[in-house]
Structure formats: structure tokens, C-alpha cells
Amino acid sequence: MKPVVTAVALEYRDTFTFAKLDVNTQPQKTGEYNIRGTPTYIVFRDGEIAGAFVGTLPITALAERILGILEIDETE
Amino acid sequence: MKTLTCSLLILSLALLASTASYAQAETDIEILRAADVNADGVINVLDLVLIASHFGDPLVDAQTPNPDVNGDGSVNVLDLVLVANRLGETVRPPVAFVTVAPDIGSELDIDGTITLTFDNPPTDVTVSTGVAMTDGNSVTITGPFTPGDLELTVTWGDGTETFSYTVRPPAAFVSAAPENDVEITTEDSITLTFDNPPTDVTVSTGVAMTDGNSVKITGPFTPGALELTITWADGTETLSYTVIELDTEAPSITGGTVSDGDTDVDASTTIEIEFSEDVRGLVTLRTESDDNVGWITTFEGNRVMLTPVAGKELAPETPYVITGKVRDAANNGTEINITFTTASAYDGIPIEVTDANFDTVVLGSKVPIVVEFYTDW
């Protein structure tokens, strides 16, 4: 799955930032955001949660999901 | 009987005097004036009659006319004889001073001229300083005079007068500012300095105002080559300038690597601001809280460069202000106030976040951020 994240992060680096948090070593935020499975993606905008989803996705689907949460139309 | 005696005496004396000399020596002018009892300028029988008519009269001090010609205290035949001996002679009237130019107390040049006017042509004129030339009723006294206070005593056959003046030292040109052969603007002024206060200053162009040892010449001057001739009482000087139009337009920003309101500014390279003309001044890069970041500012022609300094890098996604003031060669100033925000440091590689920096990196992000909660099995 990591190549997918890396590819999306690189492709959309001017649109959003990609970060990652290891649930095994960072229990505080894992618990705070009630993470039940991995990978879980939480999209933040202006410090607030804009949306979240769980599960692996191919590159295009992952990008579309994130853009959808951010309400960004790629065709614009 | 007195009248008859006098008449006969007068007649005798008049006949006696028919051979009298008409020469008039300056040495006996006082005697002549005394003999001209009626003060009509001629010694004649009328003076004899006047004396005769006062024979035996008591005398009064400063009596006019005074028949006591010889001043012995009585009017008698001796006075008649004295007058008779000068019959026919004319008496030069006393010469009195009338006016002087320039006015007493005024200022003279060292080579100045003082002109005295008398009511009659003076004789035997001498002066304590300078050279006196008599022409009719006038006496012209020329220098050179010594600079400073002048007490000029003029003596002539009938009197003496003293006049006070201040003799002005000659003024020599010392310097000009701006100096010769430079550019000036149409509205500039030129200040000349002399070693002494100059007088009678005139200029070929502009208006000259004298203040002590200085002369300020103001325009406006016509653009192009200017040959400025200054003439004063003691000399002349010509200065050359090139007159250019006055620049009243302040420099403006015409380009550069950052503009007010920019975001995503690359914080790692030199920031450049371009102006409409060459500038100088003081420009600094500051934080929003007005702390100087410490970058190096350099001016090169119409550009201002702000160069990063090791250890003073800009933080990503942070607002900064370029502030200060620049001036052009004519001193027209422009305030600079450019606020920009640095770009994110994010390069497309997912950022590893932790419990410790999560709030800062994720919740504090100014751009949307996606956090993948993952596990390495």
C-alpha cells in the first residue's frame, strides 16, 4: 500500500499534504481518533476533520476519495 | 561838522587809494574781510562811509557790520586808513562746506570716492587720507583707503571737517556648492562663499541673495548647459553646470520575486525587489511581530536583494514582512511594506507524525492534510 500513498502524495503535493502515523508506536492519537483498523485515512482541513475512510484503495480511487472529501473537482 | 570832516577825509583817502594794489594774498584774507565792512565783496568808499558814520560810537561784541576794522576797540581814523589802503580790492568770500557723498557713516570700497561740495571754490585743500582733486565747488577724494574705520579730515582755506566711514575690505571668491562642472537640477540653488561680504552682486541667471560672506543663487534654471557669471564689486567668476530636470517621481516597485500578498514564497533563496529607478535606503525582512530576521540586504542599481543567512532560515507557511524605505537620487522616497507567506516545506513525501507533533503538524496545517493511520506488520 505504501507505493500508492507515496504516489498520491507526490501527485497532489500542491493540493494537500500527506502524513502518516504508526498506530503501534503512537497510541495517544490512535486512541483519540478511535482508530479500529489500518489503514485509516482522516482528512483534516483547517484543523478540523473533513472526512475519513478505511481500507486500501488503488491510486486513482484513493485520490478521488480524498478530493471528494475536500470537494475539489479535478476537472476544474 | 563831523560829517563834513569825514567826507573830506574819505575823499582824501579815496584819492590816496587810487594807486592801491588789487592783489589779494591769501595770507591777509582776514584783514580784507575786516576791511570789507559792509561785506559786499568789494572794499570801496561805502566801507569808508560806514566806518566814518560810526566814529566815536561805542562798540558791541560781535557787532555786524563791524567798523572797528583793526580791532583796537575804537572806530577812528586808523580804521579808515586801513580800509583806504585796500580800496578797490575784492574779497574772496569764505568757503563753507555744504554736502558730502556718500553719506557720513556709510560703507566705502577701498577704491571708493568721496565727493565734497562747498558753496564756493575752496582753496588749499588737504586730506588726511587719499588724494584730493578740486574742481570748482567740488572736491573729489580718492583712495585707496585702508579697510576698517576711516576718519577723514579735510582742511581748506576757510575751515576743516572730519568725516567717518567704514572701508569695506575687498571680497574674493572662495568656493561654490555644488562645485563647478557638476549636474544640478532646475530647482537647485548654488551657494557661493567669499572671504569677505561681497557687494553689488549680480548673476547672469537666477536670483542672487547675499547673506554675510555667502551668496545663494536660486533658479529655476533652464535644462542644459549653464554658464553662470557672478559679478560683484571686487570681481567676477564664471561657473559651469549641467542642468537636468528635477525628479519629483518616487521610485515604484516594478517587479521581483515576491509581491505583497504572495503565498507559497520559496523561503530558501534570495528575495529580489525591482524598482523603477536606482534606489538606496533601508529595507529589512521581519517577522509578523516585527523582529528582524537578519537576512542581508544589498542594493544594486534598481534592485534590492534580501539574502538568506545560515541559521536564520524562514519557517514554512509563515508570514513575513519586507519593510523599510527606499529613495532615488533626488531623494524621493517610497515606503516598502510587502507581506508574504512562505511556502510549505512539504515536498510530496508523506510526513511521519507522532503523538507529540500531531497537533502542530496536522491541526496547525494551513493546507488540507490527510493522515494515514498505518501499521507495519
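Residues numbered from 1 in each chain as written. Chains lettered and ligands numbered in written order. Predicted model: local features only at pLDDT ≥ 70, side-chain atom pairs only at ≥ 80, totals over all residues. Heavy atoms only, no water.

Student: Before we go on, may I ask you to explain the overall build of chain A in this structure?
Tutor: Scanning chain A from N- to C-terminus turns up three helices and three strands. Taken from the N to the C terminus, the helices and strands of chain A come in the order α-β-α-β-β-α. The buried share of chain A, reckoned over its 76 residues, is 41%. Taking as baseline every contact in chain A between residues at least 6 positions apart, the subset at least 24 positions apart corresponds to 42%. (Helix = DSSP H or I, 4+ residues; strand = E, 2+ residues; numbered from the N terminus. Buried < 20%, exposed > 50% of the residue type's maximum accessible area, 1.4 Å probe, protein only. Contact = heavy atoms within 4.5 Å.)

Student: How should the overall build of chain B be read in this particular structure?
Tutor: Of regular secondary structure, chain B possesses five helices and 25 strands. Across the 377 residues in chain B, those meeting the buried criterion constitute 33%. Surface summary for chain B: the accessible area is close to 19,400 Å², and the carbon and sulfur share equals 54%. (Areas by Shrake-Rupley, 256 points an atom, 1.4 Å probe, with all protein chains shown as cover.)

Student: Just checking my understanding: could you explain the sheet that holds strand β20 (residues 296-300) of chain B for this structure?
Tutor: Paired through backbone hydrogen bonds, the strands of a sheet run either parallel or antiparallel to each other. Residues and elements named next belong to chain B. Strand order in this open sheet of four strands is β17-β18-β21-β20, and the pairing throughout is antiparallel. Among the strands making up the open sheet, the edge pair consists of β17 (253-256) and β20. Taken over all neighbouring pairs, the strand axes of this sheet differ in orientation by 20° on average, direction set aside. Pairing of strand β18 (residues 271-275) with strand β21 (residues 303-307) involves four bridges; the strand directions are antiparallel. Following the sheet pairing, E272 is matched in β21 by M305. (Pairing = 2+ DSSP bridges. Axes fitted to C-alpha atoms, helices over the stretch in contact; angles between N-to-C directions.)

Student: Is there a simple way to think about helix α1 (residues 2-11) of chain A in this case?
Tutor: Since the α-helix packs 3.6 residues into each turn, any two residues three or four apart lie on the same face. Those residues of α1(A) lying buried are V4(A), V5(A), V8(A) and A9(A). Seen end-on, α1(A) carries its buried residues on one side only, within an arc spanning 125°. Exposed and facing more than 90 degrees away from the buried side of α1(A) are P3(A) and E11(A). Structurally, α1(A) contributes buried residues whose contacts are with β1 (17-22), β2 (40-45) and α3 (59-69) of chain A together with β25 (369-374) of chain B. (Arc of directions from axis to C-beta.)

Student: I tried to follow helix α3 (residues 45-52) of chain B on my own but got confused; where do I start?
Tutor: Residue and element names in this part refer to chain B. For α3, every residue scored as buried is listed here: D47, L48, I51 and A52. Looking straight down α3, one finds its buried side chains confined to an arc of 135°; they lie on one side. With a side-chain oxygen positioned 3.1 Å from the backbone nitrogen of L46, the residue opening α3 is N44. (Polar contact = N/O pair within 3.5 Å; in protein donor to acceptor, adjacent residues only side chain to side chain.)

Student: Quick question: what am I supposed to make of the interface of chain B and chain A here?
Tutor: When the parts of a complex come together, some accessible area is lost, and that lost area is often taken as the interface size. Listed by partner, the interface residues are 25 residues for chain B and 35 residues for chain A. Overall, the association of chain B and chain A removes approximately 3,100 Å² of surface from exposure, summing both partners, and the carbon and sulfur fraction of that is 58%. At the junction of chain B and chain A, the tally comes to two salt bridges. The partner of D359(B) in a salt bridge is K29(A), and the shortest N-O contact between them spans 2.9 Å. There are 20 residue pairs in polar contact (both at pLDDT 80 or more) connecting chain B and chain A. Counting only elements with at least two residues in the side of chain B that touches chain A, the list comes to β24 (351-352), α5 (358-363) and β25 of chain B. Of all the elements, β25(B) adds the most residues to the side of chain B that touches chain A, at six residues. Across the side of chain B that touches chain A, the residue classes break down as 16 nonpolar, three polar and six charged. Bridge analysis of β1(A) against β24(B) gives two bridges, and the strand direction is parallel. (Buried area = accessible area lost by both parts, 1.4 Å probe. Salt bridge = Lys/Arg side-chain N within 4 Å of Asp/Glu carboxyl O. Nonpolar A, V, L, I, M, F, W, Y, C, P; charged D, E, K, R; others polar.)

Student: Just to check I follow, could you spell out a nonpolar patch on the surface for this structure?
Tutor: Residues and elements named next belong to chain B. On the surface, V45, L46 and V49 cluster together into a nonpolar patch covering about 230 Å² of accessible area. Mapped onto the elements, L46 comes out in helix α3. By relative accessible area, L46 is classed as partly exposed at 48%. (Patch = residues over 30% accessible without salt bridge, like charges linked within 9 Å, V, L, I, M, F, W, Y side chains within 5 Å.)

Student: Please clarify how the pattern of salt bridges should be interpreted in this entry.
Tutor: Scanning the model with the defined rule gives 11 salt bridges over all chains in all. With its nearest N and O atoms 2.7 Å apart, the salt bridge here joins R168(B) to D109(B). A residue pair is termed long-range when its members are at least 10 positions apart, and R168(B) in strand β8 (residues 159-168) and D109(B) in strand β2 (residues 107-109) qualify at 59 residues. Taking relative accessible area as the criterion, D109(B) reaches 30% and is therefore assigned partly exposed. With a shortest N-O distance of 3.4 Å, R303(B) and E272(B) are connected by a salt bridge. Taken together, the residues R303(B) in strand β21 and E272(B) in strand β18 connect sequence positions 31 residues apart. Three or more residues joined by partner-sharing salt bridges are found here, namely K29(A), E32(A) and D359(B).

Student: I'm lost on the packing of aromatic side chains in this one. Help?
Tutor: One pair of aromatic rings is described through two measures. These are the centre distance and the angle between the planes. Residues and elements named next belong to chain A. The tally for this structure, following the rule as stated, stands at 15 aromatic pairs over all chains. With a centroid separation of 6.3 Å and 90° between ring planes, the pair formed by F18 and Y41 is classed as edge-to-face. Placement of the pair is F18 in strand β1 and Y41 in strand β2, with a sequence separation of 23 residues. On the basis of relative accessible area, F18 is assigned to the buried category, the value being 0%. Exposure remark for Y41: the relative accessible area of 0% places this residue in the buried category. (Phe/Tyr/Trp six-rings, centres within 6.5 Å; stacked < 30°, edge-to-face > 60°.)

Student: How should the layout of surface pockets be read in this particular structure?
Tutor: Put simply, the largest pocket is a space of about 260 Å³. R13(A), D264(B), A343(B), S344(B) and V367(B) are, among the 15 residues lining the largest pocket, the residues nearest its centre. (1 Å grid on protein atoms, 1.4 Å probe; cavity = no way out; pocket = protein on both sides within 12 Å on 5 of 7 lines; lining within 4 Å. Points joined across faces, edges and corners; volume = space filled by probe spheres on them.)

Student: Help me understand the sheet that holds strand β1 (residues 97-101) of chain B, please; the structure alone is not making it clear to me.
Tutor: Residue and element names in this part refer to chain B. Taken in spatial order, the four strands line up as β1-β3-β6-β5 in an open sheet, and their pairing is antiparallel. This sheet does not close on itself; its edge strands, each paired only once, are β1 and β5 (131-135). Going across the sheet, the axis of each strand differs from the next one's by a mean of 20°, ignoring polarity. The sheet contact formed by β5 and strand β6 (residues 138-142) spans five bridges and is antiparallel. Paired with D135 across the two strands is S138, which belongs to β6.

Student: When you look at the packing of α3(B) against helix α4 (residues 77-84) of chain B in this model, what are you seeing that I'm missing?
Tutor: Packed helix pairs are characterised by how far apart their axes lie and by the angle those axes make with each other. All names here are of chain B. At a closest axis distance of 10 Å, the pairing of α3 and α4 adopts a crossing angle of 175°. Between α3 and α4, the angle falls in the class roughly antiparallel. When α3 is examined against α4, the residues D47, L48, I51 and A52 are found in contact with a partner set consisting of D79, L80, V83 and A84. Residues belonging to the contact of α3 with α4 are distributed by class as follows: six nonpolar, no polar and two charged. (Parallel < 35°, antiparallel > 145°, perpendicular 65-115°, else oblique.)

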